[in-house]
Amino acid sequence: MKNMHKKPWFGFTEDMVFGEVMSNKEFCKHVLQGILPELAIEDIYFPHKQEEINDPEHYDQKDVRLDILVEDYNHNLYNIEVQTTNTDDIARRMRYYAAKADQRYTLKKGSTYRNLKNVYIIFLCSFNLAEKKPIKSKYLTINSDNQTDVLQDGLTKIIINSNGIPSGNETKTLLNLVKLMKNLPISGDAYFDIAQNRIKEINSDEKWRDMIMDYETKLLEREQDAEERGLKRGIEKGINQGIQQGMQQGIRQGIQQGIEQGTKEGKKKEKLIGIKKLILALKDFGGNDQQILQRLEKDYGDSFSKEELEKFLKES
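Residues numbered from 1 in each chain as written. Predicted model: local features only at pLDDT ≥ 70, side-chain atom pairs only at ≥ 80, totals over all residues. Heavy atoms only, no water.

Participant: How should helix 1 (residues 15-22) be read in this particular structure?
Facilitator: Residues separated by three or four positions in an α-helix point in the same direction, a consequence of the helix having 3.6 residues per turn. Most of helix 1 sits out of view: six of its eight residues are buried. Listed as buried for helix 1 are Met16, Val17, Phe18, Gly19, Val21 and Met22. Taking the backbone nitrogen of Met16 as reference, a side-chain oxygen 2.8 Å away marks Glu14 as the first, capping residue of helix 1. (Buried < 20%, exposed > 50% of the residue type's maximum accessible area, 1.4 Å probe, protein only. Helix = DSSP H or I, 4+ residues; strand = E, 2+ residues; numbered from the N terminus. Polar contact = N/O pair within 3.5 Å; in protein donor to acceptor, adjacent residues only side chain to side chain.)

This is the structure:
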């Protein structure tokens with residue numbers, strides 16, 4: 001019989017584990033050199049994990065929290081992110097992270113644009129892609145009419161796909177990194193021995209496990225709060241649109257249309273997304289179907305019947 005209370009394994013791609021392991025300066029440098037063998041990375045400064053970039057003067061702009069941010073002695077800047085879910089927005093997410101890094105870190109007042117630091121945005125992706133991709137994909141800004149003409153803007157974007165197809169050009173370090181992302185054993189590399197031992201220590205430490213579970217729960221709650229705020233903004237937007245339409249078509253009809261439009265834009269979709277994320281999170285934490293259903297009834301019983309919630313649970 002399957003043990004429903006088996007403790008989940010928190011591997012390298014779990015946010016807090018990733019941050020802890022990559023905070024090791026020597027291991028981080030080893031990984032970067034394996035991803036970018038064409039660079040001579042002499043040394044790096046100590047990595048920063050969960051580096052938050054916000055703009056208090058523009059509170060309506062989206063904040064970002066960078067998994068790992070590190071600079072080498074040549075003042076190249078590296079942002080390393082782990083991505084376990086295909087949100088179908090990797091390219092635009094990388095663009096935004098690069099913009100935020102430029103905003104905060106790459107050019108000081110009084111400096112010229114020649115002093116702009118090189119930025120490397122590196123995403124480690126562990127999900128399956130619909131199309132086959134190589135393990136490493138490197139993107140530069142190129143001339144669309146002449147692909148040998150590379151615009152020297154100092155920005156490089158790299159995607160490491162742990163389920164990708166080897167090209168034969170990968171470094172041993174990069175192949176070991178892929179193994180670590182897939183929770184496969186690695187031997188013959190002292191740096192990865194340190195990383196694997198640290199991951200084992202974290203998983204055997206109840207305080208660490210509690211911190212990870214609390215952290216994941218808070219992330220989930222934060223996402224649900226954001227979804228609720230998005231729903232509220234959608235309804236408000238719909239009402240405002242309805243009022244404007246009402247000037248021409250009648251106030252009552254316009255407001256009603258606005259409410260319906262705002263509700264359709266957000267309400268059902270956001271709740272379904274919230275339910276799915278909650279189910280997956282609780283399953284990761286070892287919850288059984290009865291426990292998960294009880295939590296769903298508590299959080300969403302006012303909006304969905306027990307039969308509907310059971311259906312969502314079965315489909316996830």
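Participant: It is not clear to me how a negative patch on the surface should be interpreted in this structure. Could you clarify?
Facilitator: Together, Glu297, Glu307, Glu308 and Glu310 give the surface a local cluster of negative charge. No other element matches the three residues that helix 9 (residues 306-315) contributes to the negative patch. Along the chain, Glu308 falls in helix 9. (Patch = residues over 30% accessible without salt bridge, like charges linked within 9 Å, V, L, I, M, F, W, Y side chains within 5 Å. Areas by Shrake-Rupley, 256 points an atom, 1.4 Å probe, with all protein chains shown as cover. Salt bridge = Lys/Arg side-chain N within 4 Å of Asp/Glu carboxyl O. Lys, Arg positive; Asp, Glu negative; His and termini not counted. Charge placed at Lys NZ, Arg CZ, Asp CG, Glu CD.)

Participant: Any chance you could explain the packing of aromatic side chains here in plain terms?
Facilitator: Think of a pair of aromatic rings as described by two things: how far the centres are apart, and how the planes are tilted against each other in angle. Evaluation of the coordinates by the stated rule reveals six aromatic pairs. Ring geometry for Tyr78 against Tyr120: centres 5.2 Å apart, planes inclined by 20 degrees, an arrangement best described as stacked. In this pair, Tyr78 is assigned in strand 3 (residues 77-83) and Tyr120 in strand 4 (residues 119-125), connecting sequence segments 42 residues apart. Residue Tyr78 is classed as buried on the basis of its relative accessible area, which comes to 0%. When the ring centre of Phe46 is taken as origin, the NZ or CZ atom of Lys25, which lies over that ring, is 5.0 Å away. (Phe/Tyr/Trp six-rings, centres within 6.5 Å; stacked < 30°, edge-to-face > 60°. Lys NZ or Arg CZ within 6 Å of the ring centre and 35° of its normal.)

Participant: Mind showing me how you'd approach the sheet that holds strand 1 (residues 48-53) here?
Facilitator: Sheets are built from strands paired through backbone hydrogen bonds, the pairs being either parallel or antiparallel. Read from one edge of the open sheet, six strands run 1-2-3-4-8-5, paired in mixed fashion. With one partner strand each, in any of the chains shown, strand 1 and strand 5 (136-139) form the two edges of the open sheet. When the angles between neighbouring strand axes are averaged without regard to direction, this sheet yields 30 degrees. Taken together, the four bridges between strand 5 and strand 8 (residues 155-161) define a ladder with antiparallel strand orientation. In the sheet register, Lys138 faces strand 8, and the bridge partner there is Ile158. (Pairing = 2+ DSSP bridges. Axes fitted to C-alpha atoms, helices over the stretch in contact; angles between N-to-C directions.)

Participant: Quick question: what am I supposed to make of the packing of helix 8 (residues 289-300) against helix 9 here?
Facilitator: A packed helix pair is summarised by two numbers, namely the angle formed by the two axes and the spacing between the axes. Look at helix 8 against helix 9: their axes get within 10 Å of each other, and the N-to-C directions meet at 130 degrees. Relative to helix 9, helix 8 is oriented oblique. Between helix 8 and helix 9 the crossing geometry is right-handed. Counted together, Asp289, Ile292, Leu293, Leu296, Glu297 and Tyr300 of helix 8 and Lys306, Leu309, Glu310 and Leu313 of helix 9 form the full contact between these two elements. When grouped by side-chain class, the residues that make up the contact of helix 8 with helix 9 number six nonpolar, no polar and four charged. (Parallel < 35°, antiparallel > 145°, perpendicular 65-115°, else oblique. Left-handed = near helix turned anticlockwise from the far one by under 90°. Contact = heavy atoms within 4.5 Å. Nonpolar A, V, L, I, M, F, W, Y, C, P; charged D, E, K, R; others polar.)

Participant: Would you mind showing me how to read the layout of surface pockets here?
Facilitator: Take a probe with the size of a water molecule and roll it over the atoms, and the empty space left behind shows itself. There is about 400 Å³ of room inside the second largest pocket. Ile90, Leu129, Lys133, Tyr139 and Ile159 are, among the 18 residues lining the second largest pocket, the residues nearest its centre. If you list the elements that add at least two residues to the lining of the second largest pocket, you get helix 3 (90-105), strand 5 and strand 8. Grouping the amino acids of the lining of the second largest pocket by side-chain chemistry returns ten nonpolar, three polar and five charged. (1 Å grid on protein atoms, 1.4 Å probe; cavity = no way out; pocket = protein on both sides within 12 Å on 5 of 7 lines; lining within 4 Å. Points joined across faces, edges and corners; volume = space filled by probe spheres on them.)

Participant: Sorry, what's going on with helix 4 (residues 172-181) here?
Facilitator: With seven of ten residues buried, helix 4 lies mostly within the body of the structure. All of the buried residues in helix 4 are Thr173, Leu174, Asn176, Leu177, Val178, Leu180 and Met181. On the buried face of helix 4, the contacting elements are helix 2 (25-35), strand 4, strand 5, strand 8 and helix 5 (190-204). Asn183 occupies a position one or two residues after helix 4 and carries a positive phi of about 60 degrees.

Fair warning: the whole summary comes from geometry, so function is off the table for now.
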